[in-house]
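For reference, the chains in residue letters:
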Amino acid sequence: MSVSTAAIDPSVCAPLPVLGQDVTVPLVTGGEVTYAALDYAASAPALQRVWDDVAAYAPYYGSVHRGAGYLSQLSTDLFENSRRTVAEFLGCRAEDQVVFTRSTTDSLNLLAAAIPADCQVFVYETEHHASLLPWRDAQVTYLNAPRTPGQAVETLERALADRDPYGPALVCVTGASNVTGELWPVKELAAAAHAHGARIVLDAAQLAPHHPVDIAELDVDWVAFSGHKLYAPFGSGVLAGRADWLQAAEPYLAGGGASRKVARRADGGVDVDWHTTAARHEAGSPNVIGVYSIASACKALTEAGFESLVAREQELVGRVRAGLAEVPEVQVLSLFGDDAPRVGVISFVVRGWNSSHFAAALSAEYGIGVRDGLFCAHPLVRTLLGSDPQDPGECGAPEAEPGERSLNAIRVSFGAGTPDEHIDRFLRAVSELVSEGAQWKYRTEDGRCVPDRGTAAQV
């Protein structure tokens, strides 16, 4: 899962045009500034190319698969061509299916509904809740957080060696952490899973926007990701991979589109012949625009050249990490250590600061949007912070007052559309807030730290 960037000069790769790059926001201290969107790990801004493609198609919008009219046929072709584009983007095998969903969470819940009844599931405590929580009807083994990639593989091998070797098993793992940005040894974990007769699903929500993902090369059984992380609008996602469990399972949603034939029985009941293609799990009128936007983003990233995009992002990662290292009060969170390869997702805490207070000051005083909280990965963040698993604290809703220690962190994330100026402003803001303090007073309101309007800090 490596991309060679040795011969690429990141300075020649300009940021990709994204929506909102010229949006200005007010500062609590007065005036306005261009908004610095540094929360890509939550939702990346849509690429301008994606928006233009969707706008060009919008007048031709029509129903999919069952309409006889020209616009319906055009939309159907667009929908199915988008499926092929995504399959190519992911390096799918000839027998793989691409199922369109609403998000990564939806994709993994779909797979959870399709696994055999006696399936054992293995998942690390380090996962995003989208990967950690869907397996409610399965026998789940939660694996402790590893501290090296090698330890991750060893932990999985031990757990799989202890399982019932005759029943089905599934491993769920992230490709890149949504907290630390660190790349996981996916290919090695897939080999370990298959050696013990298990299958593996890759949560690529944080990997696919930053790094090539090739199902065949990684030898994973499924990949799940979201459009809104991949520079497309909200409301679309993908589950791609092996078809057998999906074909054998009851449809994720029952309704039109999933059924081929429905007939009444003599006893008054209903017989249903369900599709065996991806349509089996795509009941209802599909999100054609969402699907097309994902395909457009896949094309845009491929045509821009992933090697160049990765090289530039790695240059930004290095600058952010070097800048944060110059501030002694900042502690960057990591599982695998400073030398671990990572994408543009970095979480940290600042000694003497409540994380929500710090994030609020970045927004209100510098026009910088970051994320604070537990990032829907509560067990991982608590492990990294060395706090008790039972300590209070909620995802995005810290309970501590400004100035008090909080059990949360701050996350800065960036990608293909991030200008250099946003990184420079962020590093300057961190340094100034730590050395000089906030210029404004803040209070907690509805679980969020917000500026106390009209009340400047005494500095």
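Here the structure is a predicted model, which means the values were calculated and not measured. (Residues numbered from 1 in each chain as written. Predicted model: local features only at pLDDT ≥ 70, side-chain atom pairs only at ≥ 80, totals over all residues. Heavy atoms only, no water.)

A word on the nonpolar core. Counting 82 residues, the largest nonpolar core has Leu 90 and Phe 225 as its most contacted members. Sorting elements by how many residues they give to this core places helix H9 (residues 288–304) first, with 8 residues. The residues contacting Phe 225, other than those within four sequence positions of it, are Val 86, Leu 90, Ser 103, Thr 104, Ser 107, Ala 204, Ala 205, Ala 208, Leu 230, Gly 237, Val 238 and Ile 294. (Core = buried A, V, L, I, M, F, W, Y, C linked by side-chain atoms within 4.5 Å. Buried < 20%, exposed > 50% of the residue type's maximum accessible area, 1.4 Å probe, protein only. Helix = DSSP H or I, 4+ residues; strand = E, 2+ residues; numbered from the N terminus. Contact = heavy atoms within 4.5 Å.)

The full count for this structure, using the stated rule, is 26 salt bridges. With its nearest N and O atoms 3.1 Å apart, the salt bridge here joins Arg 321 to Asp 338. Linking Arg 321 in helix H10 (residues 306–325) with Asp 338 in the loop between strand E13 (330–332) and strand E14 (345–350), this pair joins segments that are 17 residues apart in sequence. Relative accessible area serves as the criterion here: at 18%, Arg 321 is assigned to the buried category. Residue classification places Asp 338 among the exposed residues on the basis of a relative accessible area of 61%. One salt bridge connects Asp 372 with Arg 448, and the closest N-O pair in it is separated by 2.6 Å. Pair noted here: Asp 372 is in strand E16 (residues 371–373) and Arg 448 is in strand E19 (residues 448–456), with a separation of 76 residues, a long-range link. Arg 448 sits in the partly exposed class, given a relative accessible area of 31%. (Salt bridge = Lys/Arg side-chain N within 4 Å of Asp/Glu carboxyl O.)

Counted by the stated rule, this structure contains 11 aromatic pairs. On the numbers, 6.0 Å between centres and 75° between planes, the contact of Tyr 40 with Tyr 231 is edge-to-face. On the criterion of sequence distance, the pair formed by Tyr 40 in the loop between strand E3 (36–37) and helix H1 (48–57) and Tyr 231 in the loop between strand E9 (222–226) and strand E10 (237–241) is long-range, its members being 191 residues apart. Across the pair, exposure class does not vary: Tyr 40 and Tyr 231 are buried alike. (Phe/Tyr/Trp six-rings, centres within 6.5 Å; stacked < 30°, edge-to-face > 60°.)

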